[in-house]
Structures are given as structure tokens and as C-alpha cells.
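In case you want the letters, here they are:
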Amino acid sequence: MRLSIRAREALAAYGFLLPFLVVIGVFFGYAFLRTVYFSFVHYDLSLRPPVWAGFGNYLSIVERPLFLLALRNTIAFSIVVTTIQTTAALLLAIALNNRVVGVAAFRTAYYLPSVTSSIVITLIFIWLFQRRGTVNYLLTEAARLAPIMAAFLAILVTVQLLQVLIERARRLPAAWTDPALLVTSLLLATGGAVALDLTGLVTPAEVATVDIPWLTTTSTFPSSGPSVTRVPIPLWAIMSLNIWTTAPTFMIMFLAALQNVPRTLYEAAAIDGADALQQHLFVTLPSIRPVLFLVIALGLISTLQVFDQVAITAGIAPLEAVVTLAYFVYTSAFPTGAIPQIGIASAAAVILALVTGVFVLIQRRFLSSEAQ
Amino acid sequence: MRAARVVAATRNADRRWLARRRWARAGILYAIMLAIAVFMVGPFVYSAISSVKDDATGYPPSLLPDQLRVRNWNAAWRLARDGGGGGLTGEWRPERAIELDVTWLAADPDGEPLPSIPTAGLGTGRAAVAEAELAREVTNLREPVLVTTAATGAGTLLTYRFRLEHSGSVTAPELPFQVVAPRGWTFVEATLAPNLVRGGLFGRGTLQWVDLTAGTLGYVFRSYIQAWTLNRLPDGRAAFPRWVTNSFIVALVLVATRVVLASMAGYALARLDFPGRALIFGLVLFAQMVPGQVLFISNYLVLRDGIWGLTGFFGVPTLLGTLGGIIAPLVVGAAQVFIMKQFMEGIPREIEEAARIDGAGPWTTFTRVIMPLCGPAVGALVILSFQGAWNEFFWPLVVVGGEQAQYTLPIGLNFFKTFYTAGVGRWDLILAGSLISAIPVLVLFVVFQRSFIEGVSFTAVKG
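Below: a short report on this structure. This is a predicted model, so every value here is computed, not measured.

Quick notes on the rules
- Residues numbered from 1 in each chain as written.
- Chains lettered and ligands numbered in written order.
- Predicted model: local features only at pLDDT ≥ 70, side-chain atom pairs only at ≥ 80, totals over all residues.
- Heavy atoms only, no water.
- Helix = DSSP H or I, 4+ residues; strand = E, 2+ residues; numbered from the N terminus.
- Buried < 20%, exposed > 50% of the residue type's maximum accessible area, 1.4 Å probe, protein only.
- Contact = heavy atoms within 4.5 Å.
- Areas by Shrake-Rupley, 256 points an atom, 1.4 Å probe, with all protein chains shown as cover.
- Lys, Arg positive; Asp, Glu negative; His and termini not counted.
- Charge placed at Lys NZ, Arg CZ, Asp CG, Glu CD.
- Pairing = 2+ DSSP bridges.
- Axes fitted to C-alpha atoms, helices over the stretch in contact; angles between N-to-C directions.
- Buried area = accessible area lost by both parts, 1.4 Å probe.
- Salt bridge = Lys/Arg side-chain N within 4 Å of Asp/Glu carboxyl O.
- Polar contact = N/O pair within 3.5 Å; in protein donor to acceptor, adjacent residues only side chain to side chain.
- Nonpolar A, V, L, I, M, F, W, Y, C, P; charged D, E, K, R; others polar.
- Core = buried A, V, L, I, M, F, W, Y, C linked by side-chain atoms within 4.5 Å.
- Phe/Tyr/Trp six-rings, centres within 6.5 Å; stacked < 30°, edge-to-face > 60°.
- Lys NZ or Arg CZ within 6 Å of the ring centre and 35° of its normal.
- Parallel < 35°, antiparallel > 145°, perpendicular 65-115°, else oblique.
- Patch = residues over 30% accessible without salt bridge, like charges linked within 9 Å, V, L, I, M, F, W, Y side chains within 5 Å.
- Expected span 1.5 Å × (residues − 1).

### Comments concerning the overall build of chain A
Scanning chain A for helices and strands turns up 16 helices and four strands. The principal-axis extent of the C-alpha atoms belonging to chain A is close to 90 × 65 × 35 Å. Across the 372 residues that make up chain A, the buried fraction comes to 49%. Put simply, 69% of the contacts in chain A that link residues at least 6 apart link residues at least 24 apart. Total accessible area on chain A is roughly 18100 Å²; 70% of this is exposed by carbon and sulfur atoms. Placing the 20 positive and 15 negative side-chain charges of chain A at their respective mean positions leaves the two points 11 Å apart.

Following this line, the structure appears as C-alpha cells:
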């Protein structure tokens, strides 16, 4: 019996796909369905069979304070981190999109945080954010040197203003941030600030050592207001860690997109009288819209799932200050010194999947509708 | 003519003015980019510097610890040579003698410093104590000799010379050394900077050297050597090298399986026509969105039962706590299939049709025609897969549980964190271990940075 050509092609295709389908079938499809099933039972991983519970897990989970905290933390984390890291990635890409000598070296350097693993970076950040660690030291120094920095800025602005006014009086078109004048202003401001410091006219402030217990405190920022908006300080530390790690990956994506924007568009805008900021608003942003939406979608998805950094800091930071949905699922399934609660864990996991789906749908609906 | 000269002069002035602006703009751009680079690379450089410090949590933090001073490199070299070994990593050999100068500022020059070979408080673990006891057995400590005295406004500067002689017949790998100074003496400097400086102002001050004959490499990279050797598995083998091996095995196996299996699946989705194609592609898209936390409970149970007893045929009752268990679900994933499919769709159909005319079946077309053209995509996939597998944290955490010998590096480092932050803490070990684990991916990145970055850009442009 000869098979038709189409049948032979289909057979070959499934042959190619078989390993992938098997792996995905067992470790994704079956796993997904099983988790949904587990969310409707009580089960503790022992030989005792699961007991049907209907919607009991879902009803009881929304009454657990730890779950609600995890939900709040996860959503706040996702929104803040996605916004900041998308913006930072775009700005970094714009900075790198210059054809100057050595830009490739800078690009390599900027991508470095994305290369190493979450454990390495989290350990480094735990060490930096210690009570007597580097971050607090830098903050103390910044507070101590504030008067000198203020003097520096004052001199800078004044000198730049004067120079621009002088140039304009000479009928030369000087922008307010003219680079050549800015260099002179910077040099004079540095010299002036050093002179003021040496002569003792402006002295460093006497400040108490900054002593913020970044990772061990339960206080929040903002420290008052509705509890939904009060994000714990350890979570802010983890957010900064996450932004620092993932922004470079998205920066590379934006860079690829920026390099595909034809220069002629910028030139046309410049002829029409647009300055740099306007060019970016009206030429850059619309041209990279597809990549922008991709970056936002990827950012939302990955920040909703944040686990590694939380698991690593969980021994040091108070649990309610850093718990996220993903970590809540894990600790419900494998609690240290307690009975596993697979039903609760699965219900939380299903909720996490639903939240992810909702966020992606919202992003698709409101942000890419114009792209059609 | 005067008008022409004025116009020419004005044009020159304009050109110079514009040129000045260009140079200034370039300069400021470089300055900004440099500042950003400091911010991005700074934490790594600073942790590398701090990983060699004796006390990585000292306050205020310093950028130039003893281990990075050339003076100490030379001193460590000289002392190691005096001890009879090489200058890079020394030993304490029979019939050798070492001399060490230490300077104090003494308010009251009465009293003598007291040298000894300590057996406690240096490294951790029984191995360090045994080596210290061996050193003590074979070393003869001479009386310290006052070499120079200098009176200053704040007291007297006293320099003592200590002489250690090897009076035994066995080579000792390490030579720890300790000096306890009388009360009120402040430590100023020594030939080789001590690893520990304690007390002094209100009690008797103590200076400790972990190993006088460490040699330059042994002195500078002490924390790295200790991170590699100190931690022991229950059966006595060193833990860290084992974790490195595990990580390599997992990463290399996953790279191989992913390249092969994702290419096959990607080819089918890109070029072959079959019922259910759209459905499977939809599955590929959907699967990339689902977080690992939704799937791990079932996968954990599947591994626990040995994939429904299948692995029982190979004599392995359960895949939990094994490297195979880590590898199994990660063997091929939707993201890799997606990358290969997108790339293969860019290959012109004419090439395939030519192969088909020549009578090639799907498998031959795949292996002989398509795969050779997939170099860039395979390169990007190899790098991204290696990086992903090497850095994988959540799933190995679930699988290996407490089985220390099967930890991969990320899990091992997490264990380091718990183990070495207790009490005084050895952050230098934690940082050293972290940086060791970052080296393979960093090397890969530096060598193949073009492919790394192309791989990421490719996802953006085609995704």
C-alpha cells in the first residue's frame, strides 16, 4: 500500500516532531492539566490519595494573608520593574546607537549584567545591601558631600547660562546645552567646587552614617497609605537587582530595532525643525513599536514569575517582605518542616498562570491594537 | 575684496565653531557612556576586588586591599622561596629558615611580642587544624630580636625580627604564624601583611598569618583556593569541584539535545505541511508564557515515580536527586523550537526544491541541505542554551533537594550562602565561589559576544 505524498510528508513531519511532542506532552501538557486537577483536591505528597475539595482551595487561599501579600508584591513588582527596565533599556540603546569609535566595547560592558546567573548577582547584591555594606556607605558619602555637589551644580548652571547668553549676543546660535560651552562650564564648576572646598567656604556636611537595613526590615516605601501601595523595602532592593540584570537584554533588542530605523526619517524630521527630543518622540518610538510591545510583554511575563532572587534572599529577609506568587507556590509545595499543601500550591499556580494571561491580554489589547 | 575676506573669515570661524561643538559633543558622550559603564560593570569589579580581602565585610569598604598590593606580592614570593618552595605556591621544607619583620607603635616600649604557631581560628575544618599541628611540630621559633627603635611624637616605633626554622624532616604544606603583642602596642606594618589584626589598644593585640609560605598566588587567591577545597561532601570529597562537574555535564548534555531536537522540530514546523501544524505552533507560542511554577509539582511527581516506572528498567528507581532528573524536562523547550523555526523560514525555498528534484527525502534535505545553512542560528542556540542551563536555579532546586553530591553550581552557591553567612561569615568565600561559577559563561561571552548579541537581537527582530 503506497501512501500518498501528503501522508508521507505528514509522517515525516511527525517523526521530526516526535521527541519534542513527547517532552512537551509529558512535562508541559500533562503537567499543566495535572496542576489544574491538583488545585481542586487536598493532597500532601504522601501515599494517601488526594481528596476532592471542589473550590475549597481557591476559597481558602484568598483568606491567607501570605497569599494576598504575595499577590500584592508580585503585581507591584511586575508593574514597577517592567516600566523602569523598558525605559532604561531604551535609553541605553539610544546611547549606544551612536557611530563612535569603541561603541562595541561599551555594548559588551553594558550587556555584562545579563550574562551571569541570578545566584551570582543576588549574592553580590545581598553583600552590597548589607547594613554596613557598600550601598549604605555610598549613600553616606553622597549625603556628606551634598553641600559641595550643590555648589558644583550652582556654578555649572550659572556659568553655562552666562556663556550661552554671551554667544547669543554675538549672534551665534547656541543651544542651552551647547556641548562646547558645557565642557568649559564643567571645568570651571569643578575648579570652583574644589577651590570652595579647599578654602573651607563650603564644607562637607556632618551626617549620621546611613544605616538602612535594606534586606532585613519590614518597613515599606511609601510608608503610609493604602496597604496595596506599600511596597516593602527589601522588595525594592530586589527590584533594583532585577532591573539591573534584565535591562541589558532588552537594550540589545531595542538596539537591533533602532538600527533598522532609516536615517532618512531622522533627517526629514530635522529639516522640519524637530530637535533631538522631538525626533525621538515622533520618529524613534513609532518605528520601534513592535519591539517595544515585545519587550513589554516579555518583561511582564518574566517579572510575574520572579522566583530565584526571592528564594535566595528568603533566609535573610522577612518572608512577608519578599514573598511573590512563584515563591508562595514553592513554599506551599515544599515547606520546611511542615506538611506539603499541594492543593493550595496548585491553586496559587493556576492563579499565577491566570494573572499572566490577563496581563498579556491587556497588553495585547491596549498597546498593540494600533499596530494592526 | 574686503567683503570676500570678511565672508571667508566668518566661514572659517563658523567651521571652527561647529568643529568645536562636534568634539565637545563626542567628549561628553564618551563621558556619559563611561559613567554608565562604571555603573554596569562596577559591582562585578568591586566584588572581584573584595573576594580576595581578608574581611570582605569591612567598613568603610576599600578598593585596594592588602592582597592587591605589589609590596605583599613580592613579600609572599620571597618568603615562599625562603621556605624552600616555588615563589608562586610555597611549602615549608626541612632545613629552611624564614625571617619576618613586624613594626609596632608602642606607647610603652616595655615588653616583648610573643610568637607562636596557632592551631585555631584560621581556616575552618579539621584539615586546617591538622596542617597547623604539623607545622607546629616541625618549626622552631627563635626569640624575637629588636632590630630598630625610633622615637616619634606618639610613642616609639619598634621593629622586631622573627626567625622561624624548620627543624623536622617532613615538608609542611602550610606555616601559620601568630604574634601577640603587649598591651598598648599598635600594629604598623610587617614584611607580609597579616591576615588578621585584632585588639591592641585596650588589650593584648594579636596578629595572625594564615600561611607564611603561601607564595604569591596562594596569598592573593587564598579565598578562591579555600572555596574550591574547604567544603566537603558527606563522603569526604571536595564539594565545589563536584558541583562544577555536575554543572558542566548538565549544560553540555542540554546543549546537545536542544540543538538536535529543536532543529528537527523547527524544520517540521517551518517547511513541512501536515495536519495540526497550526495547533502545534500555537502550543509552542503558548508554552513560552507559562511559568515553571505551574508545572513543577507534576514534573516532580513524574520524576519521583521514575517516569511511570520506565527508568526502573534501567535500574534507577527514581529520578529525584539525580542529574538525569534535572535534564529530562529541559531536553527541548518551546523557546528553542521557536528560534529554529523562525530562522529556517528565512532559508529560500528554491534550495529545498532543488534538493527535492534531486530526489532527496525529508531527512536528507534536513541533514544535508538545511542544517549546514543554520550556522548562525545553531551558534546562537548553543550559547543561549549553555548560558540558560548553566544558570538554571529553580528546577535543580526542586529535583536535587538535599542530595549535596548532585548539586549544580547555583544550588551549591545557595548552600554556601546559608553555610558561610552564619556567625562571623566568610563573604570572601561566597564571593570567590560566585565569581568562579561566573567564569565559564563570561569566557563564552567574551569569545562569542557577537553571537550572544545576535541571538538576542534575532529574537527581537523576528519575534
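Read on, since the account is not over.
### Structural notes on the sheet that holds strand β8 (residues 196-198) of chain B
All names here are of chain B. Spatially, four strands are ordered β2-β6-β9-β8 in an open sheet, and the strand pairing comes out antiparallel. For this open sheet the edge positions go to β2 (114-116) and β8, each flanked by a neighbour on one side alone. Strand-to-strand twist across the sheet, computed as the mean angle between neighbouring axes with direction ignored, equals 15°. Note: β8 against strand β9 (residues 204-209), three bridges, orientation antiparallel. Residue pairing in the sheet places valine 197 in a bridge with leucine 207 of β9.

### Let's talk about the interface of chain A and chain B
Each side of the interface is counted separately: chain A has 98 residues, and chain B has 97 residues. Among the residues chain A hides against chain B, the three largest losses belong to Phe16, Phe27 and Trp127 of chain A. Together they make up 10% of the total. As a salt-bridge pair, arginine 6 of chain A and aspartate 273 of chain B come within 3.0 Å of each other at their nearest N and O atoms. Linking chain A to chain B there are 15 residue pairs in polar contact (both at pLDDT 80 or more). Its residues placed into classes, the side of chain A that touches chain B shows 72 nonpolar, 18 polar and eight charged.

### Comments concerning the pairing of strand β4 (residues 145-152) of chain B
Residues and elements named next belong to chain B. As paired strands, β4 and strand β5 (residues 155-166) are joined by seven bridges and run antiparallel to one another. Following the sheet pairing, alanine 150 is matched in β5 by leucine 157. Taking the residues between adjacent antiparallel strands as the criterion, β4 and β5 are bridged by two residues.

### A closer look at the side chain of arginine 271 of chain B
One can find arginine 271 of chain B in helix α6 (residues 239-271). In this structure the side chain of arginine 271 of chain B is engaged in a polar contact, spanning 2.4 Å, whose partner is the backbone oxygen of isoleucine 347 of chain B. When sequence neighbours within four positions are dropped, the list of residues in contact with arginine 271 of chain B reads Glu9 of chain A together with Arg277, Met344, Glu345, Ile347, Pro348, Arg349 and Glu352 of chain B.

### Examining the nonpolar core
Nonpolar side chains tend toward joint burial in soluble globular proteins. Within the largest apolar cluster, 230 residues are counted, with the highest numbers of intra-cluster contacts made by Tyr110 of chain A together with Trp209 of chain B. Residue contributions to this core peak at 17 residues, all from α6 of chain B. Residue contacts for tyrosine 110 of chain A: discarding those within four places in its chain leaves Leu92, Leu96, Pro248 and Met251 of chain A together with Met33, Ile36, Ala37 and Met40 of chain B. Within the second largest apolar cluster, seven residues are counted, among which are Ile148, Phe152, Ala193 and Val202 of chain A.

### Describing unusual backbone geometry
Cis geometry marks the peptide bond from phenylalanine 221 of chain A to proline 222 of chain A, where omega comes out at -5°. Along the chain, proline 222 of chain A falls in the loop between β3 (220-221) and β4 (231-232). A cis amide bond, omega -5°, links tyrosine 59 of chain B with the succeeding residue proline 60 of chain B. With respect to the helices, strands and loops of the structure, proline 60 of chain B is situated in the loop between α1 (2-51) and α2 (70-82). For glutamate 95 of chain B, which is not glycine, the phi dihedral falls at a positive 65°. Relative to the elements of secondary structure, glutamate 95 of chain B occurs in the loop between α2 and β1 (97-106). Of note, isoleucine 307 of chain B is a non-glycine position whose phi angle comes to about 50°, a positive value. As for its placement among the helices and strands, isoleucine 307 of chain B is situated in helix α9 (residues 306-309).

### Things to note about the pattern of salt bridges
Residue and element names in this part refer to chain B. Tallied over the entire structure, the rule returns 17 salt bridges over all chains. In this structure, glutamate 165 and arginine 163 form a salt bridge, with 2.9 Å as the shortest nitrogen-oxygen distance. For the salt bridge of glutamate 345 with lysine 341, the shortest nitrogen-to-oxygen distance reads 2.8 Å. On the criterion of helical spacing, the pair formed by glutamate 345 and lysine 341 is a turn pair, its members being four residues apart in helix α11 (residues 334-345). Here glutamate 345 falls in the partly exposed class, since its relative accessible area comes to 36%.

### Remarks on the packing of aromatic side chains
Counted according to the given criterion, the structure contains 58 aromatic pairs over all chains. A centroid spacing of 5.3 Å and a plane angle of 75° characterise the contact between phenylalanine 129 of chain A and tryptophan 214 of chain A, whose relative ring orientation is edge-to-face. Of the two residues, phenylalanine 129 of chain A is situated in the loop between α5 (118-128) and α6 (134-144) and tryptophan 214 of chain A in the loop between α8 (179-199) and β3; the sequence distance between them amounts to 85 residues. Residue classification places phenylalanine 129 of chain A among the buried residues on the basis of a relative accessible area of 11%. The class of tryptophan 214 of chain A is buried, set by a relative accessible area of 17%. One aromatic cluster is present, built from ring pairs that chain together Trp228, Phe240, Trp243, Tyr407, Phe415, Phe416, Phe419 and Tyr420 of chain B. The ring of phenylalanine 281 of chain B carries the charged tip of lysine 341 of chain B above its face, separated from the ring centre by 4.0 Å.

### Regarding the packing of α6 of chain B against helix α13 (residues 362-373) of chain B
All names here are of chain B. Two elements in contact, α6 and α13, have axes separated by 11 Å at closest approach and are oriented at 110°. The orientation of α6 with respect to α13, classified from their angle, is roughly perpendicular. Residues Ser263, Met264 and Tyr267 of α6 touch α13, and the partners they reach there are Pro362, Trp363, Thr365, Phe366, Ile370 and Met371. Looking at the contact of α6 with α13 residue by residue, the class counts come to seven nonpolar, two polar and no charged.

### A short note on a nonpolar patch on the surface
Residues and elements named next belong to chain B. Residues Trp77, Leu88, Leu217, Phe221 and Ile225 make up a contiguous nonpolar surface patch of roughly 440 Å² in combined accessible area. Among the structural elements, leucine 217 can be located in helix α4 (residues 215-220). A relative accessible area of 36% means that leucine 217 is categorised as partly exposed.

### Quick notes on helix α12 (residues 289-304) of chain A
The end-to-end C-alpha distance of α12 of chain A is 23 Å, a good match for the 22 Å that 16 residues give at a rise of 1.5 Å each. Taken together, the buried positions of α12 of chain A are occupied by Val291, Leu292, Phe293, Val295, Ile296, Ala297, Gly299, Leu300, Ile301, Thr303 and Leu304 of chain A.

### With respect to the side chain of asparagine 242 of chain A
When you line up the elements, asparagine 242 of chain A lands in helix α9 (residues 233-258). With near-sequence residues (within four places) excluded, asparagine 242 of chain A lies in contact with Phe77, Val81, Gln85, Val306 and Gln309 of chain A.

### Regarding α6 of chain A
Looking at α6 of chain A, one finds that the buried residues are Thr134, Val135, Asn136 and Thr140 of chain A. In this structure, the buried residues of α6 of chain A make contact with α5 of chain A together with α1 of chain B.

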